[in-house]
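# Geometric and topological summary
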Amino acid sequence: MAVHGKVATTQRKIKAAFIYLVNEKGLSRVTVKDITQAAGINRSTFYKHFVDKPALVNHYEQTILTEIAASLNDGFIKHLPENGVATAESQMKLYATVSKIVDYIYEEFDLAKALLGPNGDPHFEDKIKRWLIDIIDKDLDIIKGNHQMTPTLPNDYAHEIIISQILDIIKLWLTKDNPEPPQQITEIIMRTRYMSPHDILGVTNSGN
């Protein structure tokens, strides 16, 4: 086997062991020794790839964050509906952006589930939120020269409204033993972008 093939195989073993152990023991209790034993490698092999456990966790989390950021490179804010009305072009572009993110999370479903789950990193969700806030604010700076959001809401609450709804859908999806296909999750996220609370609850304005 070529050297790069061995490296890839070792990294797959470490990753699989890490996911298994986080689910079984919880991230805080997992040690490098646990990972090497579960992966069937020696400690020196592990340290050729990662300095320590925090470096391993940071590598996985930064990879996920970087992939999300890459999907948002075309701009997220400018594809959101203006005054609740979306053009066909903006809707298609927003769908494509959301779809790329959801597809990537599906590819890394087990890792994302482990890191964001109850046994994972309790700080990872906040890291994702901060990452998304930076992306949103940069988009706003480009569009209007500043990142002040609606004057009727403090910025931190406005950020939370935009980000948490999408993130909560993803987190719920990750808890599923039989998760819906990525396309369905993308469509759910897209529908929530254009639905009022009454629409989501199925409440009509019939006056009854």
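Residues numbered from 1 in each chain as written. Predicted model: local features only at pLDDT ≥ 70, side-chain atom pairs only at ≥ 80, totals over all residues. Heavy atoms only, no water.

### Description of a nonpolar patch on the surface
Applicable threshold: Here the term patch refers to residues with relative accessible area over 30% and no salt bridge, with like charges joined within 9 Å and nonpolar side chains (Val, Leu, Ile, Met, Phe, Trp, Tyr) within 5 Å. Under the convention used here, a 1.4 Å probe and the Shrake-Rupley method define accessible areas, while residue burial counts only the protein chains that appear. Any Lys or Arg side-chain nitrogen found within 4 Å of a carboxyl oxygen on Asp or Glu counts as a salt bridge. Helix and strand definitions here come from DSSP, where helices need a minimum of 4 consecutive H or I residues and strands a minimum of 2 consecutive E residues; each element is numbered from the N-terminal end. Working definition: with a 1.4 Å probe on protein chains only, accessible area under 20% of the residue-type maximum means buried, over 50% means exposed, and in between means partly exposed.
On the surface, a cluster of nonpolar side chains totalling about 310 Å² of accessible area is made up of Leu153, Tyr157 and Ile161. Note on placement: Leu153 falls in the loop between α7 (124–144) and α8 (155–174). For Leu153, a relative accessible area of 32% translates into the label partly exposed.

### A closer look at the packing of aromatic side chains
Rules: Pairs were defined over the aromatic rings of Phe, Tyr and Trp, the Trp ring being its six-membered one, requiring ring centres within 6.5 Å. Orientation was assigned from the angle between planes: stacked under 30 degrees, edge-to-face over 60, tilted for the rest.
Per the stated rule, a full pass over the model turns up seven aromatic pairs. When the ring of Phe18 is compared with that of Tyr60, the centres are 5.2 Å apart and the planes differ by 45 degrees; the resulting orientation is tilted. Taken together, the positions of Phe18 in helix α1 (residues 3–25) and Tyr60 in helix α4 (residues 53–71) put the pair 42 residues apart, joining distant regions of the chain. Taking the centre distance of 5.8 Å and the plane angle of 45 degrees together, the rings of Phe46 and Phe50 count as tilted. A single burial state applies to Phe46 and to Phe50, both of which are buried. Three or more aromatic residues link up through ring pairs in this structure, and these residues are Phe18, Phe46, Tyr47, Phe50 and Tyr60.

### Examining the environment of Ala38
Its location among the elements puts Ala38 in helix α2 (residues 32–39). Relative accessible area serves as the criterion here: at 43%, Ala38 is assigned to the partly exposed category. Sequence separation between Ala38 and Leu21 is 17 residues, and the spatial gap between their C-alpha atoms is 8.1 Å.

### Focus on the pattern of salt bridges
A side chain of one charge can pair with a side chain of the opposite charge if their charged atoms are brought near each other. Per the counting criterion, the structure on display carries eight salt bridges. When the shortest N-O distance is used, the salt bridge between Glu125 and Lys171 registers 2.8 Å. Separated by 46 residues along the polypeptide, Glu125 in helix α7 and Lys171 in helix α8 bring together distant segments of the chain. Salt-bridge contacts for Lys129 lead to Glu160; the nearest nitrogen and oxygen are separated by 2.8 Å. Taken as a pair, Lys129 in helix α7 and Glu160 in helix α8 lie far apart in primary sequence, 31 residues in all. For Glu160, a relative accessible area of 37% translates into the label partly exposed.

### Describing α8
So the rule is basically this: By this rule the span expected of a helix is its residue count minus one, scaled by 1.5 Å. By definition, a residue's bend is the angle between the axes fitted to the seven residues ending there and the seven starting there.
Taking 1.5 Å per residue as the helical rise, α8 with its 20 residues ought to reach 28 Å, and the 28 Å between its terminal C-alpha atoms agrees with that figure. At Ser164, α8 shows its largest kink, close to 30 degrees. Buried within α8 we find Asn155, Ala158, His159, Ile162, Ile163, Ser164, Leu167, Ile169, Ile170, Trp173 and Leu174.

### With respect to the packing of α4 against helix α6 (residues 109–116)
Operational definition: Axis definition: a line fitted to C-alpha atoms, limited for helices to the stretch in contact. Angles are taken between N-to-C directions and run from 0 to 180 degrees. Orientation categories follow fixed angle ranges, with anything under 35 degrees roughly parallel, anything over 145 roughly antiparallel, 65 to 115 roughly perpendicular, and all other angles oblique. Crossings are classed by handedness, with left-handed meaning an anticlockwise turn of the near helix from the far one by less than a right angle and right-handed meaning a clockwise turn. In what follows, residue pairs with any heavy atoms lying within 4.5 Å of each other are defined as contacts.
Where α4 meets α6, the axes come as close as 11 Å, and the angle between the chain directions of the two elements is 115 degrees. Between α4 and α6, the interaxial angle falls into the category roughly perpendicular. The two elements α4 and α6 cross, and the hand of that crossing is left-handed. Across the interface between the two elements, Tyr60, Glu61 and Ile64 of α4 pack against Leu111, Ala112 and Leu115 of α6.

### Here's the deal with α6
Of all the eight residues making up α6, six are buried; the element is thus mostly covered by neighbouring parts of the structure. Taken together, the buried positions of α6 are occupied by Phe109, Leu111, Ala112, Ala114, Leu115 and Leu116.

### Some details on empty space enclosed by the protein
Gaps left between atoms show up when a probe the size of a water molecule is rolled over them. This is how the line gets drawn: Only protein atoms enter the 1 Å grid, on which a cavity is a set of points fitting a 1.4 Å probe that cannot get out and a pocket is an open set with protein on both sides within 12 Å along at least 5 of 7 lines, lining residues being those with an atom within 4 Å of a point. Grid points are joined across faces, edges and corners, and a volume is the space filled by probe spheres set on the points. Any residue that is not Ala, Val, Leu, Ile, Met, Phe, Trp, Tyr, Cys, Pro, Asp, Glu, Lys or Arg is counted as polar, Gly included; the first ten are nonpolar and the last four charged.
For the coordinates displayed, the defined rule picks out one cavity of 30 Å³ or more. In this structure, the largest cavity spans a volume of roughly 330 Å³. If you trace the largest cavity, you find 21 residues lining it, with Ile68, Ile101, Leu132, Ile166 and Ile170 closest to the centre. Those elements giving two or more residues to the lining of the largest cavity turn out to be α4, α5 (88–107), α6, α7 and α8. Here the element with the most residues in the lining of the largest cavity is α8; it accounts for six residues. When grouped by side-chain class, the residues that make up the lining of the largest cavity number 21 nonpolar, no polar and no charged.

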